[in-house]
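These are the residues of each chain, in order.
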Amino acid sequence: MKRILMLGTAIGMTAAPAMAEVNLLSWGGAYGNSHLEAYAKPFMAETGTEVVMSDADNPATPIKAQVEAGNVSIDVASVEYADAVRLCDEGLVEPIDPAILKAAEDGTAAMDDFIDGAVTECFVGTDVYSMVLAFNDEAFADAKPATPADFFDTEGFPGKRTMRKGAKFNLELALMADGVPADEVYDTLATDEGVARAFAKLDTIKDDVIWWEAGAQPPQLLADGEVSMAYAFNGRIFNAAQADGQPFEIIWDGQIFEMEGWVIPAGAPNLEDALEFVAWTTAPAPQARAAEFISYGPPRRSAAAMVGNIEGTDQPMGPHLPTTDANMTNALGSDLEFWVDHDAELNERFNAWLAG
Amino acid sequence: MANAALDPHAAIATTASGAPARLTTADGKPLARALARSQSKARRRAFLLVAPLLAFILITFVVPIGQMLQRSFHNDGFSANMPQVSAWFAETPAGTVPDDAAWAALAADLTASAEARSIGVVGTRINYDMAGTRSLFTSTGRKVRRGIEPPYREALLEIDEEWGDPQLWSVMRSASTAVTSNFYLASVDRTRNEMGEIVQVPENRRIYLTLFWRTFWLSGLITALTFVLGFPIAHLLATLPMRKSNLLMILVLLPFWTSLLVRTTSWMVLLQQQGVINDILVWLGIIGDGQRLQMIYNQTGTIIAMTHILLPFMILPLYSVMRTINPSYVRAARSLGATSWTAFRRVYFPQTLPGLGAGAMLVFILAVGYYITPALVGGSSGQLISNMIAMHMTDTLNWSMAAALAALLLGAVLVLYWLYDRLVGVDNLKLG
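Residues numbered from 1 in each chain as written. Chains lettered and ligands numbered in written order. Predicted model: local features only at pLDDT ≥ 70, side-chain atom pairs only at ≥ 80, totals over all residues.

### Considering the overall build of chain A
Thinking step 1. Check the secondary structure of chain A and you find 15 helices and nine strands.
Thinking step 2. The C-alpha atoms of chain A give 22 Å as radius of gyration, which agrees with the globular expectation for 356 residues (21 Å, within 12%).
Thinking step 3. Its C-alpha atoms put chain A at 80 × 45 × 45 Å along the principal axes.
Thinking step 4. For chain A, the residues scored as buried account for 52% of the 356 residues in total. (Helix = DSSP H or I, 4+ residues; strand = E, 2+ residues; numbered from the N terminus. Rg over C-alpha atoms; globule rule 2.2 N^0.38 Å. Buried ≥ 20, exposed ≤ 12 C-beta atoms within 10 Å, placed from the backbone.)

Rendered as structure tokens:
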């Protein structure tokens, strides 16, 4: 009898949830952990809404699959900016009214506090990460590399390189190394000559490159001494240097930054709670807190000053964030429209170049 | 009649006229029908027994794969969201210069699609065939949502001159029906030009045929390598006394049970330039520190790692067949004067063919679809077609293209299977 009662309660709960719930889809690893510690746990403690977290290799893929199949179980997902634009244009994610976002603590309106482009029709940015050059300090005794051009100079700075297997980021880096200023990179890349110029520059180090596919590979290759320089996500390099004590240095010159943030899949089962979660977690304080767990910068101006020490240490996180002023002197914002348009074409060309 | 029913011979009844009559059962029913009925009952029972498995395979395997493959030739991203201009395309022959009706239909469709937030789907569909047009649709959509006035041609050209591009209209025409062959064309490095003729894509974008060819060539090579390495091992396992062979068998099975990723990463540790093998070679003085061998992150790495990973799939079927071969056949051949080579070639080897066939088939088909290992150790020259399928599944989200590539791969494997059946015979397969 007791068992029947319990079963009855369980069924009753699924039919009409007694407690509010948000199903959050994130990326796992150190990044997912920052979502858990800075967003999910405090949100649960404050609102009593339960956050159920799960991971995916790239949450955009399950969103597309779930919405197209008409069986949506995700309420909020963390996706890359490019995917957010794509999903939004295809109507696969819900619009988010910017009016729900919380103002800064000094009263600045949310839309003025967020950096440009961080809030779109269906997307609210949570963090800024970047592709940076990094090197193993032990590989270079005297002069240290400092610019994108040095990455392509295998005589001055010997050793293999590792780059992400794909057109994005690499073509921009090649142009910057070839002397194109950051603000002209995408205009140049939009022309056939510009693309040819980028590939010609990549040609000069083609035989010295080990192509990585998973984000964990570049720190590993650097640590093994297999490569002397890497072109990788800043968070991965930071983690290896910080947590594992590896002698890795980051070159901020020529960094290409990009955003990640929340989207709500169309037809999310707990839309109201999802919106509340998005509004709560994108307030300045939680954003600053998240940046203490992983070296991705908050997209709100007022949050930058609130970032404290690296979690578990007494060193400030500030200098390690892509958004810090000192790191932004020659930085390039990844151009979404460009990549949504040319992704397939340039990747095919890149793969043909790679195979040739 | 009651007695007759008990008599077994009563079933065979003949009519008085003596002509060959139909056989009937004791109660007068035709025997054939009675037999069919009782057999069909047995068949129904057998079917019910396999029904759960059949349903499982249908629901989890055939239906999803079928739906996925359907995407390769069916994509209604444009036709479903742009009905008016699609209708105009249907009414006019190819190459018609767009008239006022066409421009009006286009403007109306763009407005409706932008309102319904499906303009991205439309743009994405056109972008597959003509790079750089996705933002044309989305940005135009944003503008026409605020209102658009006739004349529509001038209004749209004012928003973006690219709307006048005949190539764009030709691409829209080919996308105006949901059923399309464009994804298959793209999968073999072909595309349509302005006139709708099939041409090769520019040389710097030709990639898929090269990768298909490389996939089959490498898979064949890996199959051959597993045979060369696996045959002696299987023979040893089959001829050694049980106790020793069981010990050796563990050495074969242990890697078989180990995670694919672990084995792949171990190869990285061993083979990389700062890895174990290079270190030993340098330490022994065989090569200098500056001449470390590049054995991974290229085709060599893919071949070595995949051969090792797939080796058990060759050894196990070979072993199970070899165990059943009676050693007295070879002894008989030897006693009749055959050299040991002749005895092996003409007596022993032919008997191992069923195992070899099964092993080769397993290894080859697994190798053709391999994805993780080439992605991790393949570098630039060791990529296979499955890596492109994965790219279209997860990065570009162009599932139609992924489906077309996968369908071609599936088709090619089926053709090879058919050839194998013709040449060797599938009945000859023996897994154990």
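### A few points about helix α12 (residues 260-271) of chain B
All names here are of chain B.
Thinking step 1. Along its twelve residues, α12 runs 17 Å from first to last C-alpha, staying within 8% of the 16 Å computed at 1.5 Å per residue.
Thinking step 2. Taken together, the buried positions of α12 are Thr-264, Trp-267, Met-268 and Leu-271. What you see down the axis of α12 is that its buried residues fit within an arc of 105°, all on one side.
Thinking step 3. Buried residues in α12 make contact with α13 (276-283), α14 (299-323) and α17 (372-377). (Expected span 1.5 Å × (residues − 1). Arc of directions from axis to C-beta. Contact = placed C-beta atoms within 7 Å.)

### Observations concerning the interface of chain B and chain A
Interface size is often expressed as the accessible area that is lost when the parts come together.
Thinking step 1. The partner chain A presents 28 residues to the 35 residues of chain B that form the contact.
Thinking step 2. At the level of elements, α5 (119-129), α6 (134-144), α10 (208-239), α17 and α18 (385-394) of chain B are the ones that each hand at least two residues to the side of chain B that touches chain A.
Thinking step 3. For the side of chain B that touches chain A, the leading source of residues is α5 of chain B, giving seven residues.
Thinking step 4. For the side of chain B that touches chain A, a count of residues per class yields twelve nonpolar, 19 polar and four charged. (Nonpolar A, V, L, I, M, F, W, Y, C, P; charged D, E, K, R; others polar.)

### Brief notes about the domain arrangement of chain B
All names here are of chain B.
Thinking step 1. Annotation of chain B at the domain level lists domain 1 (2-70), domain 2 (83-205) and domain 3 (208-428).
Thinking step 2. Put simply, the middle of domain 2 and the middle of domain 3, counted by C-alpha atoms, are 47 Å apart.
Thinking step 3. Listed per partner, the contact involves seven residues of domain 2 and eight residues of domain 3.
Thinking step 4. Looking at which element gives the most residues to the side of domain 2 that touches domain 3, the answer is helix α9 (residues 182-187), with four residues.
Thinking step 5. Its residues placed into classes, the side of domain 2 that touches domain 3 shows five nonpolar, one polar and one charged. (Domains from an automatic or database assignment.)

### A short note on the confidence of the model for chain A
Thinking step 1. Chain-level statistics for chain A give a pLDDT mean of 89 and a share of 95% at 70 or above.
Thinking step 2. Every residue in residues 1-18 of chain A scores below 50 in pLDDT, and together they form one contact with partners more than four places removed in sequence or on other chains. (pLDDT = per-residue confidence, 0-100.)

### Some thoughts on the environment of Ala-110 of chain A
Residue and element names in this part refer to chain A.
Thinking step 1. Within the secondary structure, Ala-110 sits in helix α5 (residues 110-113).
Thinking step 2. Overall, the presence of 22 C-beta atoms within 10 Å leaves Ala-110 in the buried class.
Thinking step 3. Taking the C-alpha atoms as reference, Ala-110 lies 17 Å from Val-128; in sequence the two are 18 residues apart.
Thinking step 4. In this structure, Ala-110 is in contact with Pro-98, Leu-101, Lys-102 and Ala-103, ignoring residues within four places of it in sequence.

### Considerations on the domain arrangement of chain A
Residues and elements named next belong to chain A.
Thinking step 1. What the domain assignment reports for chain A is domain 1 (2-122 + 264-323) and domain 2 (129-258 + 331-355).
Thinking step 2. Between the C-alpha centres of domain 1 and domain 2 there is a distance of 30 Å.
Thinking step 3. With 13 residues of domain 1 at the interface, the matching set in domain 2 holds 13 residues.
Thinking step 4. When contributions to the side of domain 1 that touches domain 2 are tallied by element, the ones reaching two or more residues are α2 (29-47) and α4 (81-89).
Thinking step 5. Ranked by residue count, the leading element in the side of domain 1 that touches domain 2 is α4, at four residues.
Thinking step 6. In the side of domain 1 that touches domain 2, the residues fall into nine nonpolar, two polar and two charged.

### Comments concerning the pairing of strand β1 (residues 21-26) of chain A
Residues and elements named next belong to chain A.
Thinking step 1. Among the six residues in β1, five count as buried, and that is most of the element.
Thinking step 2. Sheet topology note: the β1/strand β2 (residues 50-55) ladder contains six bridges and is parallel. By the bridge assignment for β2, Val-22 is matched with Val-51.
Thinking step 3. In this view, the connection linking β1 to its parallel neighbour β2 by way of α2 has right-handed handedness.
Thinking step 4. Where β1 and strand β3 (residues 76-80) come together, two bridges link them in parallel fashion. Paired with Leu-24 across the strands is Val-76, a residue of β3. (Pairing = 2+ DSSP bridges. Right-handed = clockwise from strand over helix to strand, strands pointing away.)

### Overview of helix α3 (residues 83-91) of chain B
Residues and elements named next belong to chain B.
Thinking step 1. Val-85, Ser-86, Trp-88 and Phe-89 are the residues of α3 that are buried. All buried residues of α3 lie within an arc of 155° about the axis, which places them on one face of the element. Relative to its buried face, α3 has exposed residues pointing more than 90 degrees away, namely Ala-90 and Glu-91.
Thinking step 2. Looking at the buried residues of α3, the elements they touch are α4 (100-115) and α8 (166-175).

### Some details on the confidence of the model for chain B
Residues and elements named next belong to chain B.
Thinking step 1. Counting all residues, the mean pLDDT for chain B is 88, and 94% of those residues have values of 70 or more.
Thinking step 2. Counting contacts from residues 10-16, a segment whose pLDDT is below 50, to residues more than four positions away or on other chains yields ten contacts.
Thinking step 3. Interface predicted TM-score (ipTM) for the complex: 0.76; the corresponding pTM is 0.80.

### What about the pairing of strand β8 (residues 248-263) of chain A?
Residues and elements named next belong to chain A.
Thinking step 1. For β8, the buried fraction is high: 13 of the 16 residues fall into the buried class.
Thinking step 2. As defined by bridge partners, β3 adjoins β8 across four bridges and the pair is classed as antiparallel. Within the sheet, the bridge partner assigned to Val-79 lies in β8 and is Gly-261.
Thinking step 3. Two elements, strand β4 (residues 124-136) and β8, share eleven bridges in a ladder whose sense is antiparallel. Bridge pairing in β8 links Asn-136 to Phe-248.
Thinking step 4. As paired strands, β8 and strand β9 (residues 332-333) are joined by two bridges and run parallel to one another.

### Let's talk about the environment of Pro-322 of chain A
Thinking step 1. Within the secondary structure, Pro-322 of chain A is located in the loop between α14 (301-304) and β9.
Thinking step 2. Taking C-alpha positions, Pro-322 of chain A is 9.3 Å from Met-131 of chain A, a pair spaced 191 residues apart along the chain.

### Some remarks on the nonpolar core
Thinking step 1. In terms of nonpolar packing, the biggest core is built from 168 residues, with Ala-134 and Val-263 of chain A together with Leu-405 of chain B touching the most fellow members.
Thinking step 2. When residues in this core are grouped by element, the largest group, 13 residues, is from α14 of chain B.
Thinking step 3. Those residues in contact with Ala-134 of chain A that lie beyond four places of it in its chain are Leu-222, Met-229, Ala-230, Ala-232, Ile-237, Phe-248, Glu-249, Ile-250 and Ile-251 of chain A.
Thinking step 4. If you look at the next biggest cluster of nonpolar residues, it comprises 25 residues, including Trp-88, Ala-107, Ile-119 and Ala-175 of chain B. (Core = buried A, V, L, I, M, F, W, Y, C linked by C-beta atoms within 7 Å.)

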